[in-house]
Amino acid sequence: MYRKLALIAGGWLAVTALAAPSVEMQTNMGRIVIELDSEKAPKTVQNFVQYVDEGFYTGTVFHRVIPGFMIQGGGFTVEMAQKPAARKVQNEGKNGLKNERGTIAMARTADPHSASSQFFINHRDNAALNYPASDGWGYTVFGKVTQGMDVVDKIAGVATGSRSMHQNVPLEPVIIQSVKIITEKGKP
C-alpha cells in the first residue's frame, strides 16, 4: 500500500514539475513572460496561480520601483488603495532559488510567512534577500522572466516619488492590465 502511494505521489510530483506554468503579464509598458517553478516553490506557485485565475492582478500597479534593486506590484490599485488579499503562503525561501536579476519573488512583511499577493521582480542580483537572509528566512523566489526584461528595465527607469505613506511610487502609474497562464512554444 505504501509503495503504491509513493508511486502515485512520485507521479504527481513529476507531472507537477512538467506542468510548470508560464504566465503572461501585460502592462501598459509592455509584455512580460514569467516561467514559474512549481517544482521548487509548489505552495508559492499554487498561491500565485490562484490569484491569477481569480483575476486579482488585473488593474493593479507596480507601486514600488527602485532601479538597481526591484519592481514590486500585485497589491495596489491605480489609486494606491491596497486590495484585500485573502490568502497567505508559507515561506519557501529555502528552495535553492536565488534572488537574481530577472527572478520573481514574494514580497512580505517582517513576518516570514506573511506573503500573499504581492511580488517583486529583481532588477539586479540581490543576494541579501536569499535564504537564510538576516532574518533566517529570506524571500521566496518562484520563477524567472523569460521574455520582457526590456520591459522590466523600462519600468525600473520610470520617475518615482512619494504618495501618501508610500515611497518610490511611479509618478505615472505602471498598470498590470492582465496576467494569464500561457503555453509557450515548445511546451505542452
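Residues numbered from 1 in each chain as written. Predicted model: local features only at pLDDT ≥ 70, side-chain atom pairs only at ≥ 80, totals over all residues. Heavy atoms only, no water.

What follows is about the sheet that holds strand β7 (residues 141-147). The strand order β1-β2-β7-β5-β6-β4-β3-β10 describes a closed barrel built from eight strands, whose pairing is antiparallel. Sheet twist, expressed as the mean angle between neighbouring strand axes with direction ignored, is 35 degrees. Pairing analysis gives six bridges linking strand β1 (residues 22-27) to strand β2 (residues 30-36), with the strands arranged antiparallel. Bridge pairing in β2 places Glu24 opposite Val33. Sheet strands in contact with helix α2 (residues 42-53) are β1, β2, β5 (103-106), β6 (119-122), β7 and β10 (175-182), and its direction is about 115 degrees off that of β10. (Pairing = 2+ DSSP bridges. Helix = DSSP H or I, 4+ residues; strand = E, 2+ residues; numbered from the N terminus. Axes fitted to C-alpha atoms, helices over the stretch in contact; angles between N-to-C directions. Contact = heavy atoms within 4.5 Å.)

The next point concerns unusual backbone geometry. Keep in mind that most residues, glycine aside, have a negative phi and that most peptide bonds are trans. Going from Tyr131 to Pro132, the amide bond is cis rather than trans, its omega being 5 degrees. Mapped onto the fold, Pro132 is located in the loop between β6 and β7. Backbone geometry at Met80 places phi at a positive 65 degrees, although glycine is not the residue there. Note that Met80 resides in the loop between β4 (70-77) and β5. Even without being a glycine, Ser164 presents a positive backbone phi close to 50 degrees. Positionally, Ser164 belongs in the loop between β8 (160-163) and β9 (166-170). Note on Ser164: relative accessible area 69%, which makes it exposed. (Buried < 20%, exposed > 50% of the residue type's maximum accessible area, 1.4 Å probe, protein only.)

Along the chain, the position of Thr140 falls in the loop between β6 and β7. One polar contact links the side chain of Thr140 to the main-chain amide nitrogen of Glu92, over a distance of 2.9 Å. Not counting chain neighbours up to four residues away, the residues in contact with Thr140 comprise Ala41, Thr44, Asn91, Glu92, Gly93, Asn95, Ile104, Ala105 and Met106. (Polar contact = N/O pair within 3.5 Å; in protein donor to acceptor, adjacent residues only side chain to side chain.)

Now for the packing of aromatic side chains. Going through the model one piece at a time under the given rule, you end up with nine aromatic pairs. Considering the side-chain rings of Phe62 and Phe119, the 6.0 Å spacing of their centres and the 90 degrees angle between planes classify their relative orientation as edge-to-face. Here Phe119 lies in strand β6 and Phe62 lies in strand β3 (residues 60-66), a separation of 57 residues in the sequence. Phe62 gets classed as buried once you look at its relative accessible area, which sits at 1%. (Phe/Tyr/Trp six-rings, centres within 6.5 Å; stacked < 30°, edge-to-face > 60°.)

Within β2, five of the seven residues are buried, which leaves the element mostly enclosed by the surrounding structure. The antiparallel pairing of β1 with β2 creates a hairpin that spans two residues between the two strands. Pairing between β2 and β7: four bridges, direction antiparallel. Across the sheet, residue Val33 finds its bridge partner in β7, namely Gln147.

Each α-helix winds once per 3.6 residues, and so residues spaced three or four apart point in a common direction. Along helix α3 (residues 149-156), the residues that are buried comprise Met149, Val151, Val152, Ile155 and Ala156. End-on view of α3: buried residues confined to an arc of 155 degrees, all on one side of the axis. (Arc of directions from axis to C-beta.)

Within the secondary structure, Gln118 is located in the loop between β5 and β6. Within polar-contact distance, the side chain of Gln118 engages the side chain of His63 at 3.3 Å. A polar atom in the side chain of Gln118 sits 2.7 Å from the side chain of Gln72. Non-local contacts of Gln118, meaning those with residues more than four positions away in its chain, are made with His63, Gln72, Gly73, Gly74, Gly75, Phe76, Gln82, Met106 and Ala107.

Note that side chains of opposite charge can pair when their charged atoms are close. Taken as a whole and assessed by the stated rule, the structure comprises five salt bridges. Linking Arg31 and Glu24 is a salt bridge whose minimum nitrogen-to-oxygen distance equals 2.5 Å. Look at Arg31 and you get partly exposed, because its relative accessible area is 34%. Here Asp135 and Arg108 are joined by a salt bridge, their closest N and O atoms 2.4 Å apart. Pair noted here: Asp135 is in the loop between β6 and β7 and Arg108 is in the loop between β5 and β6, with a separation of 27 residues, a long-range link. (Salt bridge = Lys/Arg side-chain N within 4 Å of Asp/Glu carboxyl O.)

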